[in-house]
Amino acid sequence: QVRLVESGGGLVQAGGSLRLSCAVSGSIISFNAMGWYRQAPGKQRELVARISSGGSTNYPDSAKGRFTISRDNAKNTVNLQMTSLKPEDTAVYYCSADAFSSRTYWGQGVQVTVAS
């Protein structure tokens, strides 16, 4: 049973920073890629950052230069460092794990609220 548990969310002022962490049961090297997504009220879930098993990263334009995804294979964690936060970054953030079987596992989500 794969389990992903996010932590680190909360309330922050615009321009501030937050670091999200995702603890994964089992070894994250067994996954093809790890990622962070977010979903704001009334909107679709969208990709925020993704990191492959080889360490390659990709970000949408909205996150480039502000968000950094990293992985610690020894600790089986994936982190998302968010800086220069904006009110439009307010959403529930989800950790994801893409298995080589193409199945995607999700965490329960963590709320991030950026006050203007």
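For the structure, see preceding data.
Here we summarise the structure given alongside this text. From a predicted model like this one, the values you see are computed outputs, not experimental measurements.

**Some remarks on the overall build of the chain**
Then, in step 1: The helix and strand inventory of the chain stands at zero helices and eleven strands.
Then, in step 2: Secondary structure elements in the chain, listed N-terminal to C-terminal, are β-β-β-β-β-β-β-β-β-β-β.
Then, in step 3: Expected size for 116 residues packed as a compact globule is a radius of gyration near 13 Å; at 13 Å, the chain falls within 12% of this value.
Then, in step 4: Principal-axis analysis of the C-alpha atoms gives the chain an extent of 40 × 25 × 25 Å.
Then, in step 5: Contacts spanning at least 24 positions in sequence make up 53% of the contacts within the chain whose residues lie at least 6 apart.
Then, in step 6: Of the roughly 6000 Å² that the chain leaves accessible, carbon and sulfur atoms contribute 48%.
Then, in step 7: Between the centroid of the 12 positive side chains of the chain and the centroid of its 7 negative side chains there is a distance of 3 Å.

**Considering the side chain of R66**
Then, in step 1: Locating R66 in the fold gives a position in the loop between strand 6 (57–58) and strand 7 (67–72).
Then, in step 2: If we skip the residues at most four places from it in the chain, R66 touches Q81, M82, T83, S84, L85, K86 and D89.

**What about the sheet that holds strand 7?**
Then, in step 1: The antiparallel open sheet is built from four strands, whose spatial order is 1-3-8-7. What marks the edges here is a single partner per strand, and that holds for strand 1 (4–7) and strand 7. Averaged over all adjacent pairs, the angle separating strand axes in this sheet is 15 degrees, with direction ignored.
Then, in step 2: Across six bridges, strand 3 (residues 18–24) lies against strand 8 (residues 77–82) in antiparallel orientation. Residue S21 lies in a different strand from strand 8, and its bridge partner there is N79.

**Considerations on the state of the cysteines**
Then, in step 1: Following the criterion strictly, the structure yields one disulfide and no others.
Then, in step 2: Each sulfur in the disulfide pair C22 and C95 lies 2.1 Å from the other. The sign of the -85 degrees torsion about the S-S bond sets the C22-C95 disulfide as left-handed. Of the two residues, C22 sits in strand 3 while C95 sits in strand 9 (residues 91–99), which places them 73 residues apart along the sequence.

**Thoughts on the nonpolar core**
Then, in step 1: Within the largest apolar cluster, 31 residues are counted, with the highest numbers of intra-cluster contacts made by M34, W36, L80, M82 and Y93.
Then, in step 2: Of all the elements in the fold, those that place two or more residues in this core are strand 3, strand 4 (31–39), strand 5 (46–52), strand 7, strand 8, strand 9 and strand 11 (110–115).
Then, in step 3: Sort the elements by how many residues they give to this core and strand 9 lands first, with five residues.

About the criteria used
Residues numbered from 1 in each chain as written. Predicted model: local features only at pLDDT ≥ 70, side-chain atom pairs only at ≥ 80, totals over all residues. Heavy atoms only, no water. Helix = DSSP H or I, 4+ residues; strand = E, 2+ residues; numbered from the N terminus. Rg over C-alpha atoms; globule rule 2.2 N^0.38 Å. Contact = heavy atoms within 4.5 Å. Areas by Shrake-Rupley, 256 points an atom, 1.4 Å probe, with all protein chains shown as cover. Lys, Arg positive; Asp, Glu negative; His and termini not counted. Charge placed at Lys NZ, Arg CZ, Asp CG, Glu CD. Pairing = 2+ DSSP bridges. Axes fitted to C-alpha atoms, helices over the stretch in contact; angles between N-to-C directions. Disulfide = S-S within 2.5 Å. Core = buried A, V, L, I, M, F, W, Y, C linked by side-chain atoms within 4.5 Å. Buried < 20%, exposed > 50% of the residue type's maximum accessible area, 1.4 Å probe, protein only.

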